[in-house]
Amino acid sequence: MARIAPRTSVAPERLKTLLPSLKPTIYQDPSASKNSNNIRTIAWNPLGTYIATGCLDKTLRVWNADKPNVRQTTELKGHTASIEKVAFNPAKELELCSVSSDGVVRFWDVKTKQVLNEVKGLGETFTLAWAPRGECVVVGNKDDKLFVISPTQSTVISTHQQPVQTNSIAFCWSGKRIFASTGDGKTRILSFPEFEPAFQFNYKEGPDAEFKLTGHTSSCIAVELHPFNRYLATGGTDSLIALWETTEWNCLRTATKMTGPVRSLSFSWDGLYLVGGSDEGSGLEIFNSETGEHLCTYKTMSPSPVVAWAPNRYALAYADSGSLRVIGASTGGK
């Protein structure tokens, strides 16, 4: 892959005035469902040049970030139900993994539109995380089973039944731990590939001995790791975002400005800013991750449950009124 050019961070005071004034680029798909909740998932490729969207109407499309015309997109066909999660291989420019509620996980070469690998019969799958070096993915289904899957094997490497409702997953950057948000408002820290509790209290026994991050009064449904491992962000149906430091795992601050359940979270490329997506409200809420301060609200036409910062610049992709939109705050360089 090409080397990513260095970037300069934008100060919070500048970002809070600049971002709300920017107009979005609209990536319109005329053939897509007009349902405002049609887009279920958004993902950037590692170079920030392509954006994948997965939809309720089974459409899986990859957009050129610089060309919003649907004629210059790549449609990947084959899933028979809603696309619940997409993610690019972090170590390859154009290898995409898609997870559908049809129980099929597919690996695609976006350039050729070929299916590189397919794993079937996984139940109602809906969550996905790539290992940081791209050697495997972890996929979860609604029966709370987590599957380890290789991009090159048509059978599952291993299956791990979870003891609690598991809503979303994220890897740590070493690839040796997984963070799993759960229905009881907690976040589990598990070793990988063993899926055992990473930390335990030595004065407790059994399941009670497991150390968990307890930060929500109801179901925890989103989890995202800071790009430089400084914080772990969790979001819940209680409308709260919790920020945890990653050494002693203390909750440093909570953000309370969200309206409705926090469905997705994303850090900016430099880790300075955090955005939350919700299926209620009419705006994107942007926070300073270092202070927890609410910086600004970017107004949207409809609720935007799916949000994703680009990996290498201030460009923010989100779903609004059934279409993909991107706002970008330039730092003055290319």
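The following refers to the structure shown.

Parameters at a glance
Residues numbered from 1 in each chain as written. Predicted model: local features only at pLDDT ≥ 70, side-chain atom pairs only at ≥ 80, totals over all residues. Heavy atoms only, no water. Buried < 20%, exposed > 50% of the residue type's maximum accessible area, 1.4 Å probe, protein only. Helix = DSSP H or I, 4+ residues; strand = E, 2+ residues; numbered from the N terminus. Pairing = 2+ DSSP bridges. Phe/Tyr/Trp six-rings, centres within 6.5 Å; stacked < 30°, edge-to-face > 60°. Lys NZ or Arg CZ within 6 Å of the ring centre and 35° of its normal. Polar contact = N/O pair within 3.5 Å; in protein donor to acceptor, adjacent residues only side chain to side chain. Contact = heavy atoms within 4.5 Å. Axes fitted to C-alpha atoms, helices over the stretch in contact; angles between N-to-C directions. Salt bridge = Lys/Arg side-chain N within 4 Å of Asp/Glu carboxyl O.

In this section: the pairing of strand β24 (residues 283-288). Buried residues dominate β24, accounting for 6 of its 6 residues. Along β24, one buried face is formed by G283, E285 and F287 and the opposite face, lined by L284, I286 and N288, is buried too. In this sheet, β24 lies alongside strand β23 (residues 273-278) in antiparallel orientation, the contact comprising 4 bridges. Each bridged residue has a counterpart across the sheet, and for L274 the counterpart in β24 is F287. The antiparallel pairing of β23 with β24 creates a hairpin that spans 4 residues between the two strands, and G281 there sits at a positive phi of about 85 degrees. Bridge count for β24 against strand β25 (residues 294-299) is 5 bridges, and the pairing is antiparallel. Across the sheet, residue I286 finds its bridge partner in β25, namely C296. Between β24 and β25, which follow one another and run antiparallel, lie 5 residues, and G292 among them has a positive phi close to 80 degrees.

It is worth spelling out unusual backbone geometry at this point. Comment: phi is negative for the bulk of residues other than glycine, and the bulk of peptide bonds are trans. A cis amide bond links F192 with the next residue in sequence, P193, at an omega value of 15 degrees. Inspection of the secondary structure assignment puts P193 in the loop between β16 (186-191) and β17 (212-214). A positive phi is found at D144, a non-glycine position, where the angle reads about 65 degrees. Following the sequence through the fold, D144 ends up in the loop between β11 (137-141) and β12 (145-149). With relative accessibility at 17%, the residue D144 sits in the buried group.

Take the packing of aromatic side chains next. Per the stated rule, a full pass over the model turns up 12 aromatic pairs. Plain terms: the ring middles of F192 and F195 are 5.7 Å apart, the flat faces sit at 70 degrees to each other, and that makes the pair edge-to-face. Exposure class is identical for F192 and F195. Each is buried. Plain terms: the ring middles of Y273 and Y314 are 5.9 Å apart, the flat faces sit at 55 degrees to each other, and that makes the pair tilted. Taken as a pair, Y273 in strand β23 and Y314 in the loop between β26 (307-309) and β27 (315-320) lie far apart in primary sequence, 41 residues in all. Classification of Y273 by relative accessible area gives buried; the value is 0%. Within the aromatic cluster, the residues linked to one another by ring pairs are F199, F201, Y203 and F211. The ring of F126 has K142 lying over it, and the distance from NZ or CZ to the ring centre is 5.8 Å.

Turning our attention to the side chain of D29. With respect to the element layout, D29 can be found in the loop between β1 (25-27) and β2 (39-44). Only 2.9 Å separates the side chain of D29 from the side chain of R61, close enough to count as a polar contact. Apart from residues lying up to four places away in sequence, D29 is in contact with K34, T59, R61, W63 and V70.

Next up on the list: the sheet that holds β17. On the basis of which strands lie adjacent, the open sheet formed by 4 strands has the order β14-β15-β16-β17 and antiparallel pairing. Edge positions in the open sheet fall to β14 (166-171) and β17, since each of these has one partner strand only. Adjacent strand axes in the sheet meet at a mean angle of 20 degrees, parallel and antiparallel pairs treated alike. When strand β15 (residues 177-182) meets β16, the two strands line up antiparallel, connected through 5 bridges. Paired with F179 across the strands is I189, a residue of β16.

This brings us to the pattern of salt bridges. In the structure shown here, the tally under the stated rule is 11 salt bridges. Of the charged contacts, one joins D279 and R263 as a salt bridge, the two residues approaching to 2.9 Å between their closest N and O atoms. Placement of D279 in the loop between β23 and β24 and of R263 in strand β22 (residues 262-267) is noted, with a sequence separation of 16 residues between them.

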